[in-house]
Amino acid sequence: MHSVGICGTDIHNWKKGYMLLEKYPIKPRGLGHEGSGVVSATGDGVTEVHIGDRVAIQPLFPCMECEFCEAARYNICPKIALWIGTGGQFTRYIVRSAKCCYRLPDHVSFEEGALLEPLALGLHAVQRSGVGIGKTVLIVGAGSIGMLCLLSAKAAGATETCVADIFQGRLDSAKKVCQTSVVLVDSTDGEEMAIKIEETMGNMPDITIECSGSEAAIQMAIHATKPGGTVALAGLAPPMATIPLAIATVKELNITCVFRYAHDSYRRALAAVSTGTINAKPVITHHFPLEKAPEAMEAARVAKDGAIKIIVDCYKQKE
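Residues numbered from 1 in each chain as written. Predicted model: local features only at pLDDT ≥ 70, side-chain atom pairs only at ≥ 80, totals over all residues. Heavy atoms only, no water.

## A few points about the sheet that holds strand β7 (residues 181–184)
Defined as follows: Paired strands are those between which DSSP finds at least two bridges. Where helices and strands are cited, they refer to DSSP runs of H or I of at least four residues and of E of at least two residues respectively, numbered from the N terminus. Geometry is summarised by axes, namely lines fitted to C-alpha atoms with helices restricted to the contacting stretch, and by angles between N-to-C directions that run from 0 to 180 degrees.
With parallel pairing, 6 strands are arranged side by side in an open sheet as β7-β6-β5-β8-β9-β10. Looking at strand neighbours, the two that pair on one side only are β7 and β10 (254–257), the edges of this open sheet. Averaged over all neighbouring strand pairs, the angle between strand axes comes to 20°, with direction disregarded. Summarising the sheet, strand β9 (residues 230–233) and β10 pair through 4 bridges and their orientation is parallel.

Spelled out as structure tokens, the structure:
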């Protein structure tokens, strides 16, 4: 392994245990699923990759036999696994199926390879929410998923964007990623924040992509979105959440859910990065060596120094 990004899922699993415990009973398991590295060995009959290839590693393992996999919606495969056994990617070496390895062009860095997994989610969220040319988009949550949704929305043709977050440092970092307006969320009153967002954008957004999973943020997203618009829930919410459903009904909002990614999102992420359609590198704000992974996780948890995407360098560094 070379470069592995820290995801909000990793932080949740580290601090609170594995999500969706009812469906996936907890087991001891390693963390890390946004990685890239170099092929050091191959099994018999492997032809997709060769020793020395630089690859990004798609971490999902669907059954490829059920009706959902046949419809290219493998993210909702009932038998899908995010890891095989206990093996996360925060380690020096892992064993993975060659079918999960995507060769990186020479001009695409290992760090960019580590961004393909969350970028695939961003592209999937934008596709699910219907972002297109001329649409105005609000991104709630300025973490790495929010920023990659922002870049994906820009690439899809969004003309006006705004990012809302509770951390000013992250908003400052967001403005360095690409041109966008920002709103500091300083109240849990969704209606109050919706007014602030409308004043900042000059209108209510056509589409809101909620990336934090916070109950208050979901409420704010519903209040903020234009009547007839779409609220896409890309952050993993709590098992039960209170939302202003009457407001959503009266506004005739489309509420759509986003879980991981499907179709050809991972391949499209690689194409977007390799062609320069999306420059994801500014999303990376910090690097930590593997030996300091716990410090890296804590820095990601509290958004230290405006942290957006933290990369753990898993290769053995020179003395």
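## Observations regarding the sheet that holds strand β3 (residues 54–57)
Applied cut-off: In what follows, residue pairs with any heavy atoms lying within 4.5 Å of each other are defined as contacts.
Within the open sheet, the 6 strands sit side by side as β4-β3-β2-β1-β12-β11. Their pairing is mixed. Two strands bound the open sheet, and with one partner strand each, they are β4 (101–103) and β11 (284–289). This sheet shows a mean twist of 25° between the axes of neighbouring strands, independent of strand direction. Summarising the sheet, strand β1 (residues 3–5) and strand β2 (residues 34–38) pair through 3 bridges and their orientation is antiparallel. Looking at β2, one finds that Val4 is bridged to Gly35. Of the strands in this sheet, β3 and β4 touch helix α9 (residues 265–274), which is tilted by about 25° from β4.

## Some points on the environment of Pro205
Definition in use: Remark: exposure states derive from per-residue accessible area (1.4 Å probe, protein chains only) relative to the maximum for the residue type, with buried under 20%, exposed over 50%, and partly exposed in between.
Mapped onto the fold, Pro205 is located in the loop between α6 (190–201) and β8 (207–210). Taking relative accessible area as the criterion, Pro205 reaches 0% and is therefore assigned buried.

## Here's the deal with helix α3 (residues 110–129)
The line we're drawing: Between the first and last residue of a helix there are one fewer steps than residues, each counted as 1.5 Å, and that sum is the expected span. One axis fitted to the seven residues ending at a residue, another fitted to the seven starting there: the angle between these axes is the bend at that residue.
Between its first and last C-alpha atoms α3 spans 30 Å; for 20 residues at 1.5 Å apiece the expected length is 28 Å, and the two agree. Along α3, the sharpest kink reaches roughly 40°, centred on Glu117 and followed within four residues by the proline Pro118. Across the 20 residues that make up α3, a large majority, 17, are buried. Immediately beyond the C-terminal end of α3, within one or two residues, lies Gly130, with a positive phi of roughly 80°.

## Side note on the side chain of Ser144
Defined as follows: As used in this structure description, the phrase polar contact means that two N or O atoms lie within 3.5 Å; if the pair is within protein, one of them must be able to donate a hydrogen and the other to accept it, and residues adjacent in sequence are counted only when both atoms belong to side chains.
Assignment of secondary structure puts Ser144 in helix α4 (residues 144–156). Within the local environment of Ser144, its side chain forms a polar contact with the side chain of Lys309, the two groups lying 3.1 Å apart. Discounting chain neighbours no more than four positions away, the residues touching Ser144 are Val283, Ile308 and Lys309.

## Some details on the nonpolar core
Formally: Among buried residues, the Ala, Val, Leu, Ile, Met, Phe, Trp, Tyr and Cys ones that are joined through side-chain atoms within 4.5 Å form a nonpolar core.
Membership of the largest hydrophobic core comes to 54 residues, with the highest contact counts inside it found for Leu116, Val131, Val137, Ile139, Met147 and Ile209. By residue number, the principal contributor to this core is α3, which donates 9 residues. Those residues in contact with Ile209 that lie beyond four places of it in its chain are Ala125, Val126, Ser129, Val131, Val137, Leu138, Ile139, Val140, Cys149, Ala232 and Ala234. Residues Val49, Leu290, Ala300 and Ile310 belong to the second largest nonpolar core, which totals 22 residues.

## What about the packing of α3 against α9?
Rules: Any angle between 65 and 115 degrees counts as roughly perpendicular, while under 35 counts as roughly parallel, over 145 as roughly antiparallel, and the rest as oblique. By convention, the crossing between two helices is left-handed when the near helix turns anticlockwise from the far helix through less than a right angle, and right-handed when the turn is clockwise. The residue classification treats Ala, Val, Leu, Ile, Met, Phe, Trp, Tyr, Cys and Pro as nonpolar and Asp, Glu, Lys and Arg as charged. All others, Gly included, are polar.
Their axes nearest at 8 Å, the elements α3 and α9 cross at an angle of 115°. With respect to α9, the axis of α3 lies roughly perpendicular. The chirality of how α3 crosses α9 is right-handed. Across from Glu112, Gly113, Leu116, Glu117, Leu119, Ala120, Leu123, His124 and Gln127 in α3, the residues of α9 making contact are Ser265, Tyr266, Arg268, Ala269, Leu270 and Val273. Along the lines of polarity and charge, the residues of the contact of α3 with α9 split into 8 nonpolar, 4 polar and 3 charged.

## With respect to the side chain of Ser173
With respect to the helices, strands and loops of the structure, Ser173 is situated in helix α5 (residues 168–177). Taking the relative accessible area as the measure of exposure, Ser173 reaches 11% and is therefore buried. In this structure, Ser173 is in contact with Gly306 and Ile308, ignoring residues within four places of it in sequence.

## Brief notes about the packing of aromatic side chains
Applied cut-off: Classification of ring pairs rests on two measures: the distance between centres of Phe, Tyr or Trp rings, Trp counted by its six-membered ring, which must be within 6.5 Å, and the angle between planes, read as stacked under 30 degrees, edge-to-face over 60 and tilted in between.
Overall, the coordinates contain 2 aromatic pairs when judged by the stated rule. Arranged with centres 4.7 Å apart and planes meeting at 45°, the rings of Tyr102 and Tyr266 form a pair that is tilted. Here Tyr102, found in strand β4, pairs with Tyr266, found in helix α9; they are 164 residues apart in sequence, far enough to count as distant. Assessed through its relative accessible area of 1%, Tyr266 is described here as buried.

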